[in-house]
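Listed here are the chains, written in short residue letters.
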Amino acid sequence: MNLHQVRRRHLTRSDNNYDFTEGWTSLIRDALLQTTWPISFNLDSDEEEYDLFQLRSSSSTDLGARRGVFSRRHYGSVEMLASVETDGADLFRRFRVESGERAEKDELYGSPSTPVLENPEYQTRWYFKYFLGRLHQNYAGVDGEKVPFFFSVVLTDSNTEGVQQYRAILWRKSGAQKINLSHTQGKSLTVKSILSNFKNMDKLEKAPREIFVPELQKDLLLLEEQEGSVNFKFGVLYAKVGQTVDDEMFSNECGSKNFDRFLSLLGERIRLKGWDKYRGGLDVKGDMTGKYSIYTIYEGHEVMFHVSTLLPYSKDNRQQVERKRHIGNDIVNIIFLDGNHQHHSSFKPSMIKSQFTHIFAVVTYNSEEESYKLSVYSEESVPLFGPTLPCPPVFRIFQEFRDFLLVKLINGEKAAFNTPTFAQKRERTLDMLIKDFYTEHLADNRGTMLNRRAFSDVLPEASRGSRRKEEARQVEFVRIGQALKLDTIVKGDAPTSLATTSLFKREPWEPQCFYPDFPHDIVCGDSWGENRLILAAEAGVFLLEEGTAHRQIFDKTIQAKQLNVVEAHGILLFRADKGRDSRIHVFRLSDFENQPKENGVRNKTDIRDQKLEKTKGCHLYAISRPGDSHLRMVVAVGRRLLVLQWRHSAAWTAWCASSDTDTVDGFHFIRELPVAEPAQLITLVDSPVKGGDNQICVAYKHQFDLINEKNGDTVRLHCVEGNKVHLVSAVDIYEDEEAELLLSYNHTTHFQKLSDDSSTEFDFQWNAVPNTIVCAFPYVLAFTTDTIEIRLIINGNLIHNMVMPKLTAITSKGDIFFATTDPEFFQVRQERVKVDKMDRDPSLSPPTSPHCTNNSSSADSNKPLRIYRMPFGSLTGSSSPCERRVPTPCIPSPQPLLNPPDFSSNFLSPESQDNHLRTDTRPSRSATSSPVPPLPIILRQQSASNRKVIKDYIYSTSSDSGVNKSECSTPSHSIHVFTAAKDET
């Protein structure tokens, strides 16, 4: 019997004297009885008998409380569409249709349609950003299958707030693989140990050989450019209502006023003759492809639009070959359908005869509503890409529509390059280039014996006679790299930067300062309500409340290793001590509410009566997610798993909160399950199906197993290959009420379906080995020792990477909380290259960058930590339908800001951000996640002409955000300024 049946039974009574107050009380009581008391009885003589004891949870209600809920339905459905060829035969192509119209208007978390660029070049083009122009090492070798590869490694702290990291790139025909590893002062890594972190590269028959020639940098830069262009060209085709074939659309000599208004929204009208920027294949000398075109810059990407009505028109050529030659060879086309929104669905990709175009974005404009409507057709082989269309896909704010459309088009073209057609061509090109470079440089390197080193050794100190030669080689190596970087910028092929990020732009993952200065290193913790944290450190356990000073609740004799706050039952759980003395303790949260000062701080003596004796010797535990009908806990004790359950349901506690006062006695032992090895990871997987069995995911050594919680049946889920296995986490996620697992180990996250008939398993790679994985659809976040890496969960594409020293993830039960070194203690330095003298620490391998300093040791324990909150609703778009896209406030023009913040340092103080960045009304001391990183795109010691080129590059990439040249030097408008021009601005 469900809640609706109970409600109907009470509200359909025919008694005229029926007491409705008593009726609603009885209604709630009957609903609670279903999940609390194990009794069965007949409600009425004419109704069947109902079992009122239901331990299983309702999937519709529980899924609402689970964190890892996502759906690929946001990204469209695949349909088969036919096109009629000239010979009358039907050619069928399958397209994924994104219309934004979903049957479920009330989506669980809304449409996560924040427009964010995927795999941004300033985050992915590592060789240009971190290697070129800096001292680094390059190696060449062959793998176990005798296939050549190149390997580059550098130790650098550029853009990382004083955090030194090893960055390594493995160049193979399948593409560049990248990892970064933390550097510990005094514990240098060998190049061999760094290479062993890549799959199947730990055992090589022959050690790679170091290549000293500086010209190799140009070849490696060419390999990186094969990842795709940083600039884009898109086709724009004007179509009238009723036109059903592309010949009719291409024959439209001119457009309408609405079309012209749309073009002006896309970009600026430019004269092609004499154009000196990105031309997108158009003629800029003799007007052979028209006199004008549409051009724009978005986040540093130059975009040229091939507009059908601006390309040459021929009255005698019905097929308009000149127009088709450009638009038909664009991967992405915009179809502007000159009609109202009701005509939107009349377009079909089959109308366009092009085997090269993979993505069609259909746009209509409604003059009465002054709104644009968008739908997207993607060829089936194109991987999923964001942002997802809002529901409904109607935009009334034109600037938001422009941002959304450009991001969707850029992400779409990047995704299309991963289709089999383009991927095979890219692999063949990379294979040919790597083989040619390998043959060329190994032949030239045979006679070079300068400072030859063993692959497994750290760098020895060179003798006095050879030291001068080595320094001269390093100077020449860096000089050539600098020249290559400058030449790339001048040509307009440089990866984009953060220069377009204005002060007022807020990203979904932008953290808020929760607590400015916590003095202890954090071991574990959990959130308590909206504005409290309980944190465990070596100095004891502390209670933090936003806006007040932290308070110690347990002294240092209690070393908590795990900690959970269960608000639904008002209890605090933690595992303390280690070895045979380790136990789980249970306290009431009410014990710490407004704790009187005379009670003091609890010590080891005070917790003797609060421990679960059955958990003696435990080394790990896990609890079920909030929202389940009953709290369950699985405790690992050696090779045993103990299953315990809280005696009261969450509904019973909510109804009778005053009666749920148990601590240790509240847990009942259910059963014991044997495991093959001591568990290293435990995750409880709730069954999304009513009546289904709950599962336990257990990981140990090289494998992940799934254990049935009732009968102990074990299924091998996934085996990890390799000698070095670092198990990270197993996160349960739910797609359309079907359970999946994100299994993370080493640099890999593996999607594991639990049903046998599914085939959507895939892997993606992290740049650094995570410590914690958090899923917040559409994103998945990895917390490492010094970075937060954000990717899309549906394709693994990189979205953003934030570097923060001494990073610790605290909890993600509600909002995401983490701690990092207080920004006032970041070691940020301006980059300067000393080409006259390059001393390096001989104990380091690979050689340190000339930009690194030896005093950048790890953060001192005395430096306080700043705790940040990343709002879960901002990531998922679940706050409210109107807040699904994070707005970008406009800069008031042209009046200057009152009391502009001081930007003398590279970070914003909490006070200045309160005045200028605060958009919420919650009383918190907001602050940025980290000081703004310097962007070392080019070295500051350049000629006056080169500095002008660099500054023009900065200004040009800033044009999209409405910042002109005069404004770019004003910190109030842009906080991301190149180091090369910082002194002059």
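Before reading further, recall that the structure is shown in the block above.
Analysis parameters
- Residues numbered from 1 in each chain as written.
- Predicted model: local features only at pLDDT ≥ 70, side-chain atom pairs only at ≥ 80, totals over all residues.
- Heavy atoms only, no water.
- Helix = DSSP H or I, 4+ residues; strand = E, 2+ residues; numbered from the N terminus.
- Buried < 20%, exposed > 50% of the residue type's maximum accessible area, 1.4 Å probe, protein only.
- Contact = heavy atoms within 4.5 Å.
- Areas by Shrake-Rupley, 256 points an atom, 1.4 Å probe, with all protein chains shown as cover.
- Expected span 1.5 Å × (residues − 1).
- Salt bridge = Lys/Arg side-chain N within 4 Å of Asp/Glu carboxyl O.
- Arc of directions from axis to C-beta.
- Pairing = 2+ DSSP bridges.

## Focus: the overall build of the protein chain
- When you go through the protein chain residue by residue, the secondary structure sums to 19 helices and 46 strands.
- For the protein chain, with 985 residues in total, the buried portion stands at 56%.
- Sequence-distant contacts in the protein chain: of pairs separated by 6 or more residues, those separated by 24 or more amount to 63%.
- As displayed, the protein chain offers around 42,700 Å² of accessible surface, 48% of which is attributable to carbon and sulfur atoms.

## Focus: helix H11 (residues 398–416)
- Its 19 residues place the ends of H11 27 Å apart at the C-alpha level, agreeing with the 27 Å of an ideal helix rising 1.5 Å per residue.
- In terms of residue burial, H11 counts as a mostly covered element, since 16 of its 19 residues are buried.

## Some points on the pattern of salt bridges
- In total, this model carries 35 salt bridges according to the counting rule given.
- We note a salt bridge from Glu227 to Lys178, for which the minimum N-O separation is 3.5 Å. Of this pair, Glu227 sits in the loop between helix H7 (216–225) and strand S11 (232–240) while Lys178 sits in strand S9 (residues 175–182); the two residues are 49 residues apart in sequence, bridging distant segments of the chain.
- Accessibility expressed as a relative area gives 17% for Lys178, which makes it buried.
- Of the charged contacts, one joins Glu740 and Lys753 as a salt bridge, the two residues approaching to 2.8 Å between their closest N and O atoms. Remark: Lys753 occurs in strand S38 (residues 748–753) and Glu740 occurs in strand S37 (residues 738–745); sequence separation between them is 13 residues. The same class applies to Glu740 as to Lys753, namely buried.

## Notes on the side chain of Asp246
- Relative to the helices and strands, Asp246 resides in helix H8 (residues 246–250).
- With residues up to four places along the chain from it excluded, the contact list for Asp246 reads Lys324, Met351, Ile352 and Lys353.

## Digging into helix H9 (residues 257–266)
- Within the sequence span of H9, burial applies to Asn258, Phe259, Phe262, Leu263, Leu265 and Leu266. Taken end-on, H9 shows its buried residues confined to a sector of 155°, consistent with a single buried face. The exposed residues of H9 that point more than 90 degrees off its buried face are Lys257 and Ser264.

## Focus: the pairing of S11
- Within S11, seven of the nine residues are buried, which leaves it mostly tucked inside the rest of the structure.
- By the bridge criterion, six bridges tie S11 to strand S15 (residues 332–338) in an arrangement that is parallel. Paired with Leu237 across the bridge in S15 is Ile335.

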